[in-house]
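What follows is the residue order along each chain.
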Amino acid sequence: MEKNITHISSTQIDPVLSNKSILVDQHGHQETEDQVLNRDLKKRHVSMMAVASALGTGLIIGSGTALQRGGPGSLFIGYIFTGILLLIVLFSLGEMAAFAPMDKAFSGYCSRFCDKALGFAAGWNYFFNYAITLAAELAAVGMIIQYWRPDLNPAIFITVFYVAIMIANWFSVTLYGEIEFWTSCVKLITLAICYITCIVISAGGAPNHTTFGFQGWRHGTAFLPYLVPGSTGKFLGWWACAVQSVFAYNGCECIGIIFGEAPDPRKTIPSATRQAFLRIGGVYIIGVFILGLAVSPINPMLGQGKGNASASPFVIAFKTAQIKVLPSFVNACLLFFVGGAGNSDVYLGGRSLYGLARDGMAPKIFLKLNRNGNPYYASIVSSLFGFLAYMTASSSSAEIFGYFTSAVSVFGLLTWINILVSYITFYNATVYQKVPRDEIPFRMWFQPYPAYIALFFLCILTFFNGYNAFITSFDYKQFITCYIGVFVYLIMIFGYKLYYKTERVTRKTARLYNYTENVISLDEQIGLDEQTSSDGKLSV
């Protein structure tokens, strides 16, 4: 049978998905694909979400535990180390997404450039990542509320936030974009207040008139030993900070899913990707450095000997400096961090299920959209994992939050690994297939060497993520939460590959442009009619 689509010049076909995909059957008939997400996010939505959408409990709460374990020096260096790895991941993702944007989440890139078995595992791994992160964010609600009212059951406030998040994800993605935009604004303003106040405290401008400065870096507290004494303990303290920073950074890659509903991907994606410098350097790294200036790592309110790590370290800094009103005000603002992050978790988890269903790796019911263009069945299933947060009703919120943190960290590391593996195949394919450099809208310097280096260190982080389960004595709870994700991930890869006998994608067989023999995805501005000849074939 004669193919209905002949070779299409790469210079004539813009590798950008349109708002709707054009399907071409064996007879050259065209039809519009149903159940395709709309590109209704505005450029300001994408830009703001690129900077602040991932800001959540990892930075505002989890950094306190890391500071107490490793000290300000270990915390600062740990965030720099993982921040550099994340930058490489984001720039690699941005290069792929700018050239071939997809609305199938990260699993689409894994299936397209590596192996469908990897795509299956990556998609479900990312879904579980955000399903459990939702529970962690809701558990943090209880931690924040207990700062004021430790006598109240946290389940009351978890329910309020839970219902609000589910309602917000019923409506159009435009509403989601607006909520994220304004929530992100509140997050950045709150962080600005926290950072400026911490600088004032360290300089002695607080009501207690105590110049704190670099006191937390002196007297042997810059690098604290953790679990064991001596140099080994100090290294473990730094490693604890590096592992915790993974949870803090978790979600920064979510911009890759948002790209699937972003306008004008060739311009929007490179711009949003470059803003990763601002997010990682200006928000995270500078933030933990300033925190180390204002809070002593041996402050008893950080949990030293009491297990009370429920309050934000920034709030602890204000309280220690005897600043009235501001601690409660900032603690209230932190609820925006939790609410915004929880809202993103349902959105991202739902889009992950949607992407899996697009690739036939999840039930087709997850493709169904409501009248607002939202894959609501996928969003509902994603939100169901929030019920795990009610575990805090019978156990310590801080303890449950710690378990969720360990589980989510390994899911996040596996996602970053999947992105890099996909990128390396993508890069090799562009070289082998001789894709012109000017056709790739965005490219990171010195690739693919940074991708290989980052992949190596991320594998090390993943393997030793649960180090504290083996030090001093075996902690089976910590071992399970740190490694169950890895075991499930490997089972999904090999199980899918053995069952479906999938073939690995090579640099020769990788499909770089958004068309196949029977499917073409083009921007509506291409002018399809002008490229269609009289016999119904697309030609050069």
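Before reading on, note that the structure itself is shown above.
Here's what I pulled together on the structure shown here. (Residues numbered from 1 in each chain as written. Predicted model: local features only at pLDDT ≥ 70, side-chain atom pairs only at ≥ 80, totals over all residues. Heavy atoms only, no water.)

The end-to-end C-alpha separation of helix 7 (residues 230-249) is 29 Å, in line with the 28 Å expected for 20 residues at 1.5 Å each. Counted residue by residue, helix 7 has 15 buried out of 20 residues, so it is predominantly covered. After helix 7 finishes, the residue Gly 251 shows a positive phi value of roughly 105 degrees. (Helix = DSSP H or I, 4+ residues; strand = E, 2+ residues; numbered from the N terminus. Expected span 1.5 Å × (residues − 1). Buried < 20%, exposed > 50% of the residue type's maximum accessible area, 1.4 Å probe, protein only.)

Summed over all chains, the structure comprises 0 disulfides. The thiol of Cys 198 is not disulfide-bonded; the next cysteine sulfur, from Cys 194, is found 6.5 Å away. (Disulfide = S-S within 2.5 Å.)

Following both chains from N to C, one finds helix 12 (residues 326-358) and helix 13 (residues 376-384) inclined at 125 degrees, their axes separated by 8 Å at the closest point. Between helix 12 and helix 13, the crossing angle belongs to the class labelled oblique. In the crossing of helix 12 with helix 13, the sense of the turn from one axis to the other is right-handed. Between helix 12 and helix 13, the contacting residues are Asp 345, Val 346, Gly 349, Gly 350, Arg 351, Leu 353 and Tyr 354 on the first element and Ala 378, Ser 379, Val 381, Ser 382 and Ser 383 on the second. Class assignment for the residues of the contact of helix 12 with helix 13 results in 5 nonpolar, 5 polar and 2 charged. (Axes fitted to C-alpha atoms, helices over the stretch in contact; angles between N-to-C directions. Parallel < 35°, antiparallel > 145°, perpendicular 65-115°, else oblique. Left-handed = near helix turned anticlockwise from the far one by under 90°. Contact = heavy atoms within 4.5 Å. Nonpolar A, V, L, I, M, F, W, Y, C, P; charged D, E, K, R; others polar.)

Bringing the packing of aromatic side chains into the picture now. Any aromatic ring pair is given by two values, namely how distant the centres are and how the planes are angled relative to each other. On inspection of all chains with the given rule, the structure shows 39 aromatic pairs. Plain terms: the ring middles of Tyr 195 and Phe 314 are 5.9 Å apart, the flat faces sit at 45 degrees to each other, and that makes the pair tilted. Of the two residues, Tyr 195 is situated in helix 6 (residues 173-202) and Phe 314 in helix 11 (residues 313-320); the sequence distance between them amounts to 119 residues. Taken as a pair, Tyr 195 and Phe 314 share a single burial class, namely buried. Ring plane angle 55 degrees and centroid distance 5.7 Å describe the contact between Trp 238 and Trp 239, whose orientation is recorded as tilted. (Phe/Tyr/Trp six-rings, centres within 6.5 Å; stacked < 30°, edge-to-face > 60°.)

A word on the nonpolar core. Within the largest apolar cluster, 102 residues are counted, with the highest numbers of intra-cluster contacts made by Leu 59, Tyr 79, Tyr 249, Tyr 284, Phe 318 and Leu 458. The leading source of residues in this core is helix 2 (residues 57-99), at 19 residues. (Core = buried A, V, L, I, M, F, W, Y, C linked by side-chain atoms within 4.5 Å.)

We now examine the packing of helix 4 (residues 116-148) against helix 5 (residues 155-168). Axis separation between helix 4 and helix 5 bottoms out at 9 Å; the angle between their running directions is 140 degrees. What the angle tells us is that helix 4 and helix 5 run oblique. Like other packed secondary-structure pairs, helix 4 and helix 5 cross with a definite hand, here right-handed. Side by side, helix 4 and helix 5 meet where Leu 134, Leu 138, Val 141 and Ile 145 of the first sit next to Phe 157, Ile 158, Phe 161, Tyr 162 and Ile 165 of the second. For the contact of helix 4 with helix 5, the class distribution of residues is 9 nonpolar, no polar and no charged.

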